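Coordinates in review
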Amino acid sequence: MLNTFLSLWHVDILVWCELALIGILTIGTIATHLYGPRLHRSEILMMILGVVGLVAAMFTNHPLVLALAFTLSTISATCLALQSQHSANLKEQKSIIAVCIGSVVLYVIGAALLNQSALSVQTTQLAFAAAMIGTLSAFGVFFMKTRFTSVVAGAAPVIFFIALLQL
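Let me sum up the structure you'll find in this document. Computed from a predicted structure; not experimentally measured.

Analysis parameters
Residues numbered from 1 in each chain as written. Predicted model: local features only at pLDDT ≥ 70, side-chain atom pairs only at ≥ 80, totals over all residues. Heavy atoms only, no water. Helix = DSSP H or I, 4+ residues; strand = E, 2+ residues; numbered from the N terminus. Buried < 20%, exposed > 50% of the residue type's maximum accessible area, 1.4 Å probe, protein only. Contact = heavy atoms within 4.5 Å. Areas by Shrake-Rupley, 256 points an atom, 1.4 Å probe, with all protein chains shown as cover. Axes fitted to C-alpha atoms, helices over the stretch in contact; angles between N-to-C directions. Parallel < 35°, antiparallel > 145°, perpendicular 65-115°, else oblique. Nonpolar A, V, L, I, M, F, W, Y, C, P; charged D, E, K, R; others polar. Expected span 1.5 Å × (residues − 1). Left-handed = near helix turned anticlockwise from the far one by under 90°.

**What about the overall build of the protein?**
For the protein, the count of helices and strands is nine helices and zero strands. From first element to last, N terminus to C terminus, the protein shows the α and β order α-α-α-α-α-α-α-α-α. Burial status across the protein gives 39% buried among its 167 residues. Put simply, of all contacts in the protein between residues at least 6 apart along the chain, 76% involve residues at least 24 apart. Split by element, the accessible area of the protein, about 9,300 Å² in all, is 71% carbon and sulfur.

**Some words on the packing of helix α4 (residues 63-84) against helix α9 (residues 155-166)**
Two numbers describe how α4 lies on α9: the axes approach to 11 Å, and their chain directions differ by 170°. The angle between α4 and α9 places the two elements in the roughly antiparallel class. Contacts from Leu66, Ala69, Phe70 and Ser73 of α4 reach α9 at Phe160, Ala163 and Leu164. Looking at the contact of α4 with α9, its residues break down into six nonpolar, one polar and no charged.

**Regarding helix α5 (residues 90-115)**
An ideal rise of 1.5 Å per residue puts 38 Å on 26 residues; α5 measures up with 37 Å between its terminal C-alpha atoms. Listing the buried residues of α5 in full gives Ile96, Cys100, Ser103, Val104, Tyr107, Gly110, Ala111 and Leu114. Packed against the buried residues of α5 are α4, α6 (121-137), α7 (139-142) and α9.

**Concerning the packing of helix α3 (residues 41-59) against α9**
The description of two helices packed together rests on the angle between their axes and the distance between the axes. Interaxial distance between α3 and α9 falls to 8 Å at its minimum, and their mutual angle equals 25°. By the criterion of interaxial angle, the relationship of α3 to α9 is roughly parallel. The two elements α3 and α9 cross, and the hand of that crossing is left-handed. Across the interface between the two elements, Gly53, Leu54, Ala57 and Met58 of α3 pack against Ala156, Ile159, Phe160, Ala163 and Gln166 of α9.

In structure tokens:
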């Protein structure tokens, strides 16, 4: 399936399309918020860190750099989600943090296994499964209504999925 996917779509074209999408969404979000509520400095910093993580994920071919980019983007999305959910109860905040920690741990474990030089087929499948479950579990954080998700609008999980396939 992976060979079919990569033969139909050249990976470099997908990467440039993702980069263009993030650029368009970022410009649109900034234009929208110019006339809306003011951005706080912490929100701007978290948005920048998240976008840097996404751009790093698009251009890397190393599993550990990809894991670092995923961690950076997921943590920035989580911080913005917690900031936007400041009026939410403690249980909802704990569930957001738990999803962030669980998905990052799974993704880092998968990337660390992929980084091993001599992997058996079964270990490689386990590594991809862990990273994929981590990516899918982070969907909830990325789709929450925060300023970061309005920038990437759900493109982040797709970017990490395609970057994982590149490896």
